[in-house]
Amino acid sequence: MKLKFTKMHGAGNDFVVIDAINQDVRFTPEQWKQLADRRFGVGADQMLVVEKPSTDGVDFRYRIYNADGGEVEQCGNGARAFVRFVTEKGLTGKRAIKVETMSGIIEPRLEADGGITVDMGAPILEPERVPFDASGLQGKAEGTDTLWPLDVNGQTTWISVVSMGNPHAVQVVPDAQSAAVHQDGPAIEHHPRFPKRVNAGFMQVVDRHAVRLRVFERGAGETLACGTGACAAVVAGIRRGLLDSPVRVTTLGGELSIAWAGPGTSVMMTGPAVSVFEGEIEI
Ligand SMILES: N[C@H](CCC[C@H](N)C(=O)O)C(=O)O
C-alpha cells in the first residue's frame, strides 16, 4: 500500500506519525521495523498511529510502536507530537484532547503560546507493577524512594524503578555526557529482573530544579530525548529528596519541563513538538 505519513520530533525524539482514521493501517512488526529503519525505510525512534477512540468520552486512540517493531504502552514526546498532528491535520478543533493509549487515558493540551502540556497521569511506584522483580534483593531507602542494587556488567548499579505506563530504571550519575549509556544501557534494558525489558535513564542532578538526562530506550536505543523518561527521572529525583518541582530536564535534543506534586498526582510535562515533512512510502 501507499502510506501517507508526517515526520515529526519532540526535542529530537523522532517519529513517523500516521493517520489511521483515513487510512487502513494494519502492519506486521517487521513492517513497523522497516518503516523505522534509517536506511531502508523512513527512519524514526517510534511510529505513532492515530485512530478513532474505542471508549466513550475520548477523542482519539493512539498506538505507539518502537523502532524494533514492538507495540508499547506510552510515549511522552509522542503525546505532544500527536497533539500537533491532529490539530494541524484538522482532525479536531479542540485544544485539550483526551486520548486513549495502551496504558490509559492522557490529556495533552495545546497552549495559547503554541507549547504543549501533557497530563501524563500518576506514576506507578510499586516495583512489582513496573514491573521489576525485586525478589532476594536488599533495597536501600533514600527519602521516600527505595534504591535497588542491579548487577550491570559485573558492577552494582543502584536504581530507582518507576512506571509511567511504561517501565523505567533511573540512576543518578555525576556527569550525563560521560555516562556509560551505550555500555550499560543494553545490559539494563535486557536485565532479567525486568520481565518487559526497561528504559534506562542516566540523570545528572544540576541543582534542585534542573537535571541533564540521557535515556537508552527499550526497543529504540539511545534517543535524543525521552518524555516518559524525563517524567520518571524527575519522580525518582523528587522521591530521593534531590529535586523540587518543577524541574527543567535538559536532554541531548532539547528542554522539557516536568512538574509533580507527589504520589497519586499526575506528572505534568511541557515541551516542543515539530512537524518536519510530509511523505508517502510504498509498504
Ligand atoms: N521506548 C519506550 C517508548 C517510547 C517512549 C519515549 N520515546 C517517550 O518520549 O516517552 C518504551 O519502550 O517504553
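Computed from a predicted model, the values in this text were never measured in an experiment. The residue numbers shown here count from 1 along each chain, following its written sequence. Note on the predicted model: pLDDT of at least 70 is required for a residue's local features to be given, and 80 or more for side-chain atom pairs to be given and counted; whole-chain, interface and lining totals, by contrast, use all residues. Computation of side-chain values: all heavy atoms of the structure, hydrogens and water removed.

**Student:** Can you explain the site of the ligand? Please cite residues and give values.
**Tutor:** Around the ligand there are 15 residues in total, and Gly76, Glu217, Arg218, Gly227 and Thr228 lie nearest to it. Asn66 has a polar side-chain atom sitting 2.8 Å from an oxygen atom of the ligand. Per-residue accessibility takes into account occlusion by the displayed protein chains alone, with areas from the Shrake-Rupley method and a 1.4 Å probe. Protein contacts shield 100% of the accessible area of the ligand, which totals 360 Å² for the unbound molecule. Helix and strand definitions follow DSSP, with helices as H or I runs of at least four residues and strands as E runs of at least two, each counted in order from the N terminus. Listing elements by their share of the shell around the ligand, those giving two or more residues are helix H2 (76-88) and helix H4 (227-239). For this purpose, a residue is taken to be near a molecule or strand whenever a single non-hydrogen atom of the residue falls within 4 Å of it. Side-chain atoms alone can form a polar contact between residues adjacent in sequence; in general such a contact is a pair of N or O atoms within 3.5 Å, and within protein one must be able to donate a hydrogen while the other accepts it.

**Student:** Go over the UniProt feature "active site" (unreviewed entry) in the protein chain, please, and point to the residues and values.
**Tutor:** UniProt positions are given in the numbering used here, feature names are shortened, and annotations may be inferred rather than shown by experiment. The residues that UniProt annotates with the feature "active site" (unreviewed entry) are Cys75 and Cys226. A maximum C-alpha distance of 7.9 Å places the annotated residues, which cover 152 residues in sequence, within one compact spot. You can see Cys75 is positioned in the loop between strand S5 (71-72) and H2. Using a relative accessible area of 7% as the deciding quantity, one classes Cys75 as buried. Under the scheme applied here, a residue whose accessible area is under 20% of the maximum for its type counts as buried, over 50% as exposed, and between as partly exposed, the area being computed with a 1.4 Å probe on protein chains only.

**Student:** Now, about H4: what can you tell me, with residues and values included?
**Tutor:** The α-helix advances 3.6 residues per turn, and as a result positions three or four apart in sequence lie on the same side. Taking 1.5 Å of rise per residue, 13 residues should cover 18 Å, and H4 covers 18 Å from first to last C-alpha, within 8% of that figure. For H4, every residue scored as buried is listed here: Gly227, Thr228, Gly229, Ala230, Cys231, Ala232, Ala233, Val234, Val235, Ala236, Gly237 and Arg239. Backbone geometry just after H4 places Gly241 at a positive phi near 80 degrees. To estimate the expected span of a helix, count its residues, drop one, and scale the result by 1.5 Å.

**Student:** Account for the packing of aromatic side chains, with residues named and values stated.
**Tutor:** Aromatic ring pairs are described here by two measures, namely the spacing of the ring centres and the angle between the planes. Any two rings among Phe, Tyr and Trp, with Trp reduced to its six-membered ring, count as a pair given centres within 6.5 Å; such a pair is stacked if its planes are under 30 degrees apart, edge-to-face if over 60, and tilted if neither. A full pass over the atoms with the stated rule returns seven aromatic pairs. Ring plane angle 15 degrees and centroid distance 4.1 Å describe the contact between Trp32 and Tyr65, whose orientation is recorded as stacked. Taken together, the residues Trp32 in helix H1 (residues 29-36) and Tyr65 in strand S4 (residues 60-66) connect sequence positions 33 residues apart. Residue classification places Trp32 among the buried residues on the basis of a relative accessible area of 3%. Judged by relative accessible area, which is 12%, Tyr65 ranks as buried. Note on Tyr62 and Phe82: the rings are 5.3 Å apart at their centroids and 25 degrees apart in plane angle, and the pair reads as stacked.

**Student:** Describe the pattern of salt bridges, and please don't skip the residues or the numbers.
**Tutor:** Note on pairing: side chains with opposite charge can pair once their charged atoms come close. In the sections that follow, a salt bridge refers to a side-chain nitrogen of Lys or Arg positioned within 4 Å of a carboxyl oxygen of Asp or Glu. Considering all chains together, one arrives at 23 salt bridges under this definition. Residue Lys4 is joined to Glu280 by a salt bridge in which the shortest nitrogen-to-oxygen separation is 3.2 Å. One end of the pair, Lys4, is in strand S1 (residues 2-10); the other, Glu280, is in strand S19 (residues 274-282), with 276 residues separating them in the sequence. Of the charged contacts in the structure, one is a salt bridge between Glu51 and Arg61, with a shortest N-O distance of 3.9 Å. Here the residue Glu51 occupies a position in strand S3 (residues 46-51), and Arg61 occupies one in strand S4, the gap between them amounting to ten residues.

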